[in-house]
Amino acid sequence: PLVLSSPPAVTSPCKILKCNSEFWAATSGSHHAGAEEAPEFCTALRAYAHCTRRTARTCRGDLAYHSAVHGIDDLMVQHNCSKDGPTSQPRLRTLPPGDSQERSDSPEICHYEKSFHKHSAAPNYTHCGLFGDPHLRTFTDTFQTCKVQGAWPLIDNNYLNVQVTNTPVLPGSSATATSKLTIIFKSFQECVDQKVYQAEMDELPAAFVDGSKNGGDKHGANSLKITEKVSGQHIEIQAKYIGTTIVVRQVGRYLTFAVRMPEEVVNAVEDRDSQGLYLCLRGCPLNQQIDFQTVRSAQATEGRARRKGPSLQASPEAFTYETATAKCREKLPVEDLYFQSCVFDLLTTGDVNFMLAAYYAFEDVKMLHSNKDKLHLYERTRVLSPGNTAPTGTHPTLWVALLCLCWLCLL
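As annotated in an unreviewed UniProt entry, the protein chain carries the name RGMA protein and comes from Cisticola juncidis. According to its UniProt record, the protein chain has this under Sequence similarities (unreviewed entry): "Belongs to the repulsive guidance molecule (RGM) family." For the protein chain, the Subcellular location (unreviewed entry) comment in UniProt is given as "Cell membrane".

## What about the side chain of Arg 249?
Its place among the elements puts Arg 249 in strand β10 (residues 244-251). At 3.5 Å, the side chain of Arg 249 and the side chain of His 234 are in polar contact. Within polar-contact distance, the side chain of Arg 249 engages the side chain of Asp 364 at 2.8 Å. Excluding anything up to four places from it in sequence, Arg 249 contacts Leu 204, Gln 233, His 234, Tyr 254, Leu 255, Thr 256, Tyr 360 and Asp 364.

## A word on the state of the cysteines
One pass over the full model with this rule turns up five disulfides. At a sulfur-sulfur separation of 2.0 Å, the disulfide partner of Cys 110 is Cys 191. Its S-S torsion of about -95 degrees marks the bond between Cys 110 and Cys 191 as left-handed, since a negative value means left-handed. Of this pair, Cys 110 sits in the loop between α3 (63-78) and β1 (125-131) while Cys 191 sits in the loop between β6 (176-185) and β7 (195-200), and the two are 81 residues apart along the sequence. You'll find Cys 110 and Cys 191 in the same group, each marked buried.

## A look at the sheet that holds strand β11 (residues 254-262)
A sheet is described by the order of its strands in space; here seven strands give the open sequence β3-β2-β1-β11-β10-β9-β8, paired in antiparallel fashion. Strands with a single pairing partner mark the edges of an open sheet, and in this sheet they are β3 (143-145) and β8 (224-230). The average angle at which neighbouring strand axes cross in this sheet is 10 degrees, direction not considered. Pairing of β10 with β11 involves seven bridges; the strand directions are antiparallel. Looking at β11, one finds that Thr 245 is bridged to Arg 260.

## Some remarks on the pairing of β1
Moving residue by residue along a regular strand, the side chains alternate between the two faces of the sheet. When you tally the buried positions in β1, you get seven out of seven residues, the bulk of the element. The alternating pattern of β1 places Tyr 125, His 127, Gly 129 and Phe 131 and Thr 126, Cys 128 and Leu 130 on opposite faces, both of which are buried. Pairing of β1 with β11 involves six bridges; the strand directions are antiparallel. If you follow Leu 130 over to β11, its bridge partner there is Phe 257.

## Looking at empty space enclosed by the protein
All told, the structure shown has two cavities of 30 Å³ or more when counted by the stated rule. Here the largest cavity defines a volume of roughly 70 Å³. In this structure, the largest cavity is lined by His 127, Gly 129, Leu 130, Phe 131, Arg 137, Thr 256, Phe 257, Ala 258, Tyr 338, Ala 361, Asp 364 and Val 365. Breaking the lining of the largest cavity down by element, the ones donating at least two residues are β1, β11 and α9 (353-368). Here the lining of the largest cavity gets four residues from one element, more than from any other, and that element is β1. Of the residues belonging to the lining of the largest cavity, the class tally is seven nonpolar, three polar and two charged. In this structure, the second largest cavity spans a volume of roughly 60 Å³. Residue classes in the lining of the second largest cavity are distributed as six nonpolar, four polar and two charged.

## Digging into the nonpolar core
For soluble globular proteins, nonpolar side chains are generally found buried alongside one another. Within the largest apolar cluster, 48 residues are counted, with the highest numbers of intra-cluster contacts made by Ile 155, Ile 183, Phe 185, Tyr 241 and Phe 257. When residues of this core are assigned to their parent elements, the largest contribution, four residues, is made by β11. Excluding residues within four positions of it along the chain, Ile 183 makes contact with Leu 160, Asn 161, Val 162, Lys 195, Val 196, Tyr 197, Ile 237, Ile 246, Val 248 and Phe 257. Residues Cys 14, Phe 41, Leu 45 and Ile 72 belong to the second largest nonpolar core, which totals 21 residues.

The rules behind these values
- Residues numbered from 1 in each chain as written.
- Predicted model: local features only at pLDDT ≥ 70, side-chain atom pairs only at ≥ 80, totals over all residues.
- Heavy atoms only, no water.
- UniProt positions renumbered as here; feature names shortened; annotations may be inferred.
- Helix = DSSP H or I, 4+ residues; strand = E, 2+ residues; numbered from the N terminus.
- Polar contact = N/O pair within 3.5 Å; in protein donor to acceptor, adjacent residues only side chain to side chain.
- Contact = heavy atoms within 4.5 Å.
- Disulfide = S-S within 2.5 Å.
- Buried < 20%, exposed > 50% of the residue type's maximum accessible area, 1.4 Å probe, protein only.
- Pairing = 2+ DSSP bridges.
- Axes fitted to C-alpha atoms, helices over the stretch in contact; angles between N-to-C directions.
- 1 Å grid on protein atoms, 1.4 Å probe; cavity = no way out; pocket = protein on both sides within 12 Å on 5 of 7 lines; lining within 4 Å.
- Points joined across faces, edges and corners; volume = space filled by probe spheres on them.
- Nonpolar A, V, L, I, M, F, W, Y, C, P; charged D, E, K, R; others polar.
- Core = buried A, V, L, I, M, F, W, Y, C linked by side-chain atoms within 4.5 Å.

Printed below as a string of structure tokens:
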């Protein structure tokens, strides 16, 4: 369509070019759709119209936006499409005729990765994890230690909703850990029915709440499966129709969560700009974050005081800074933020299971994270841009530049 050839606009909040590219990807090779292809084309066209409506507020003065709106109306008429009906989901591409493809018991649309043509760019995957006291690694590789007591949304997009409930580890303590997890897989075309998974302390089932282990009665039901890895301790959920893998563990009394998800699915929300809190995407609110470095410094100072003063001896079941550090080093030899989280949790709770939670959280990162150079995170992730994992310390060149600037000011 002519609307798709509009020249790119100067950088602006208007997202019409994104709508255009999504429609092009969904309908590639089917612009002269025959009668048998019309329903799929109409589905993609309705999604295109929905996308333009979402960006209408920021695109009122954009010529490409108005061209798209008129072009959609024309295409609706040409293909006899109803404005009411289903809209397309991510990556509705199909392989060109002649390409060999291993047959399965599910439609191709129910296998996210197979919907990419071999010459197309592979999808970008992201990771989010929650473990321990609790510690959060977001989809942008930002690492935070949070309080977040009570129920909080961890993921909330068009296909998946995950909510965690965190409760105090000890009576009167500010330390919390995940005691309940609810995952809702929303109904998806001919692939899966809506399914709910729920886990609580001392109850890690290997089935959805209705007793099933797959996506239900639809033709692509096996594109959603639960597998029990270790009874009562470790389950894995594969949602192939959205390219997503979820790992849930019970370590000690509490739960850990880890997910691998395509960026396209992560960002599939109705209105990201006005969307509510979504911890894996936006992180914990500032008033719920714990200043990790300050607390850890106080813990180390307290440990030194214990060594110097016999009156400050710890009880036999408590950890000192030194014993916590030694314990964590048994499982986490690299002193990254997973190691520091382990030390923090042992000093805060005295429960050695939190060391195992940090260890398994890092094991899940190794399995799920697509960028092996970003497995370890260090302290400056909180103050640098998302994804930057450089360790602390100011570059010498910056100090030189600052000193020169000071001298210039004095002159």
